[in-house]
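# An overview of the molecular structure
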Amino acid sequence: MAILSFLGGPVIKGLIDAYQAKLKAGNVDSKIAADLAASEVAAQTAEIQIHGQLKIAEIGHPWEPEKLAFYVTLVFFAKCVIWDKVLGLGTTPQLTGDVSTWAGMIMGFYFGKRTFENVARIIRR
């Protein structure tokens, strides 16, 4: 549930901001708008929690298997860039053969998938 704790900060901040807007609202229209904003934030929070529960029910744990390959590849690239190049504290042998192809495909598919999802989400609105 690490993602819920990561998202908890902005969600809680949104709830507090909506409640403060409600308290500051002088007229009925402002109070209705503040109530609506608070209810939307609460609905988003509930949706995030339900999505997390569904993921655990479907695959048995909160992390997604397709992202594990991305994380492993990301750790390798981060080690190469930060440890080897930026800090100059070592060298990592170059990836060759199928492993090199797989690493490139994993990164390409992950970022391509996220790009496609974001574009589809924007178009759907």
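Just so you know, the residues in each chain are numbered from 1, in the order the chain's sequence is written. Where totals are concerned, whole chains, interfaces and linings use all residues; where local detail is concerned, this predicted model gives features only for residues with pLDDT of at least 70, and gives and counts side-chain atom pairs only at 80 or more. With hydrogens and water set aside, each side-chain value is computed from the structure's full complement of heavy atoms.

### Topic: the overall build of the protein
Secondary structure elements are taken from DSSP: a helix is a run of H or I of four residues or more, a strand is a run of E of two residues or more, and numbering for both begins at the N terminus. Secondary structure summary: the protein contains four helices and zero strands in total. The N-to-C order of helical and strand elements in the protein reads α-α-α-α. Using a 1.4 Å probe on the protein chains alone, a residue whose accessible area is under 20% of its type maximum counts as buried, one over 50% counts as exposed, and one in between counts as partly exposed. Expressed as a percentage of its 125 residues, the buried residues of the protein come to 14%. Pairs of residues are marked as contacts when any of their non-hydrogen atoms sit within 4.5 Å. Sequence-distant contacts in the protein: of pairs separated by 6 or more residues, those separated by 24 or more amount to 48%. Each accessible area value is a Shrake-Rupley result obtained with a 1.4 Å probe; residue values ignore everything except the protein chains displayed when judging cover. Per element, the accessible surface of the protein, about 9,700 Å² overall, is 68% carbon and sulfur.

### Overview of the environment of Leu74
When you line up the elements, Leu74 lands in helix α3 (residues 65–86). Residue Leu74 is classed as partly exposed on the basis of its relative accessible area, which comes to 38%. Taking C-alpha positions, Leu74 is 9.6 Å from Ile106, a pair spaced 32 residues apart along the chain.

### Describing the confidence of the model for the protein
Taken as a whole, the protein shows an average pLDDT of 76; of its residues, 78% reach a score of 70 or greater. Of all helices and strands in the protein, the one with the weakest mean pLDDT is helix α1 (residues 2–24) (63), whereas helix α4 (residues 97–124) scores best (84). Each residue carries a pLDDT value, the predictor's own confidence for that position, ranging from 0 to 100.

### Regarding a nonpolar patch on the surface
A surface patch of nonpolar side chains, amounting to about 590 Å² of accessible area, comprises Val81, Ile82, Trp83, Val86, Leu87 and Leu89. With respect to the secondary-structure elements, Leu87 resides in the loop between α3 and α4. On the accessibility criterion, Leu87 (48% relative accessible area) is partly exposed. Patch membership is restricted to residues that have no salt bridge and whose relative accessible area is over 30%. Joining uses 9 Å for like charges and 5 Å for the nonpolar side chains Val, Leu, Ile, Met, Phe, Trp and Tyr. What counts as a salt bridge is simple: a side-chain nitrogen of Lys or Arg found within 4 Å of a carboxyl oxygen of Asp or Glu.

### Comments concerning the pattern of salt bridges
Counted according to the given criterion, the structure contains two salt bridges. As a salt-bridge pair, Glu117 and Lys113 come within 3.5 Å of each other at their nearest N and O atoms. Remark: Lys113 and Glu117 occur in helix α4; sequence separation between them is four residues, near one turn of the helix.

### Concerning α4
Take the residue count of a helix, subtract one, and multiply by 1.5 Å to get its expected span. Compared with an ideal rise of 1.5 Å per residue, which puts 28 residues at 40 Å, α4 spans 40 Å between its outermost C-alpha atoms and is within 8% of the ideal. For α4, the full list of buried residues reads Ala103, Met107 and Tyr110.

### Here's the deal with the side chain of Asp84
Within the secondary structure, Asp84 is located in helix α3. Judged by relative accessible area, Asp84 falls into the buried class, the value being 12%. Here a polar contact means two N or O atoms within 3.5 Å. Within protein one must be a hydrogen donor candidate and the other an acceptor candidate, and residues neighboring in sequence count only if both atoms are side-chain atoms. Side chain to side chain, Asp84 and Lys79 meet in a polar contact 3.0 Å long. Those residues in contact with Asp84, other than ones at most four positions away along the chain, are Lys79, Leu89, Gly90, Thr91 and Thr92.

### Digging into the side chain of Thr73
Relative to the helices and strands, Thr73 resides in helix α3. In this view, Thr73 contacts Ala103, Ile106 and Met107; residues no more than four positions away in its chain are not counted.

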